[in-house]
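The residues making up each chain are set out below.
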Amino acid sequence: MSGYARWASGVLGVALMGVGVTLVVGTGDMGSVAVWLAGAIVLHDGLIAPLVLGAGLLWGGTRARGPVRGPVRGRVRGSVRGRVRGPVRGAFTVAGCLTMVALPVLLRPGTPANSSVLPLDYVRGWLLSLGAVVVVTGAVIGVRVLRRGQRLRS
């Protein structure tokens, strides 16, 4: 990413944080927002981060096994497994985040008294989102494996 794009995304992020703070202050419910933020920090640091780190260690450690020296400037190229590991880790991370966002709706028992509160089929939406993550991950892995095959042939 170029320097201008980083600055632009940073400015946009700060502006959106300002909008969020304005909306929270406007509701006047700062106590429940503080409790929610504290819960999010505890959930992340106590559950999500250890699970992601443990899964990463179980998945294959810190580097690709069996690296082969590439012909270009002594770079090290990993095996197919090494090229697949990153997208799979990313997919697990995205799937975990999607699940955490959807968890309150997924665990809500029964139908709400007011049908306009949860008007959509959120389980279906969550499953479709996870399916999209799987499809995109498969496409990324496919492109990486095909590129590697083309490089090895040439």
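Residues numbered from 1 in each chain as written. Predicted model: local features only at pLDDT ≥ 70, side-chain atom pairs only at ≥ 80, totals over all residues. Heavy atoms only, no water.

This part covers a nonpolar patch on the surface. Taken together, the side chains of V21, V25 and M30 make up a nonpolar region of the molecular surface, amounting to roughly 290 Å² of accessible area. In this structure, V21 sits in helix α1 (residues 3–27). By relative accessible area, which is 52% here, V21 ends up exposed. (Patch = residues over 30% accessible without salt bridge, like charges linked within 9 Å, V, L, I, M, F, W, Y side chains within 5 Å. Areas by Shrake-Rupley, 256 points an atom, 1.4 Å probe, with all protein chains shown as cover. Salt bridge = Lys/Arg side-chain N within 4 Å of Asp/Glu carboxyl O. Helix = DSSP H or I, 4+ residues; strand = E, 2+ residues; numbered from the N terminus. Buried < 20%, exposed > 50% of the residue type's maximum accessible area, 1.4 Å probe, protein only.)

Further remarks concern the layout of surface pockets. To locate leftover empty space, one rolls a probe as large as a water molecule over the atoms. When its volume is computed, the largest pocket comes out at roughly 460 Å³. Lining the largest pocket are 18 residues, and of these L51, V52, A55, F92 and T93 sit closest to its centre. Listing elements by their share of the lining of the largest pocket, those giving two or more residues are α2 (30–60) and α3 (80–107). Element by element, the count of residues in the lining of the largest pocket is highest for α2, at 10 residues. Along its surface, the second largest pocket is lined by W36, G39, A40, L43, H44, I48, C97, M100, V101 and P104. Secondary structure elements with two or more residues in the lining of the second largest pocket: α2 and α3. Per-element accounting of the lining of the second largest pocket gives the leading share, 6 residues, to α2. Residue composition of the lining of the second largest pocket, by class: 8 nonpolar, 2 polar and no charged. (1 Å grid on protein atoms, 1.4 Å probe; cavity = no way out; pocket = protein on both sides within 12 Å on 5 of 7 lines; lining within 4 Å. Points joined across faces, edges and corners; volume = space filled by probe spheres on them. Nonpolar A, V, L, I, M, F, W, Y, C, P; charged D, E, K, R; others polar.)

Time to look at the environment of V52. Structurally, V52 can be placed in helix α2. Assessed through its relative accessible area of 39%, V52 is described here as partly exposed. Remark: the alpha-carbon pair of V52 and F92, spanning 40 residues in sequence, is separated by 8.1 Å.

Turning to the side chain of T137, a few remarks are in order. As for its placement among the helices and strands, T137 is situated in helix α4 (residues 122–153). Residue classification places T137 among the buried residues on the basis of a relative accessible area of 14%. Of the polar contacts made by the side chain of T137, one reaches the backbone oxygen of V133; its length is 2.7 Å. (Polar contact = N/O pair within 3.5 Å; in protein donor to acceptor, adjacent residues only side chain to side chain.)

Turning next to the confidence of the model for the chain. Confidence along the chain averages 79 in pLDDT terms, with 76% of residues attaining 70 or more. The lowest-confidence element of the chain is strand β2 (residues 76–77), averaging 48 in pLDDT; the highest-confidence one is α1, averaging 90. Taken as a whole, residues 72–76 scores under 50 in pLDDT and shows 7 contacts with residues more than four places along the chain or in a different chain. (pLDDT = per-residue confidence, 0-100. Contact = heavy atoms within 4.5 Å.)

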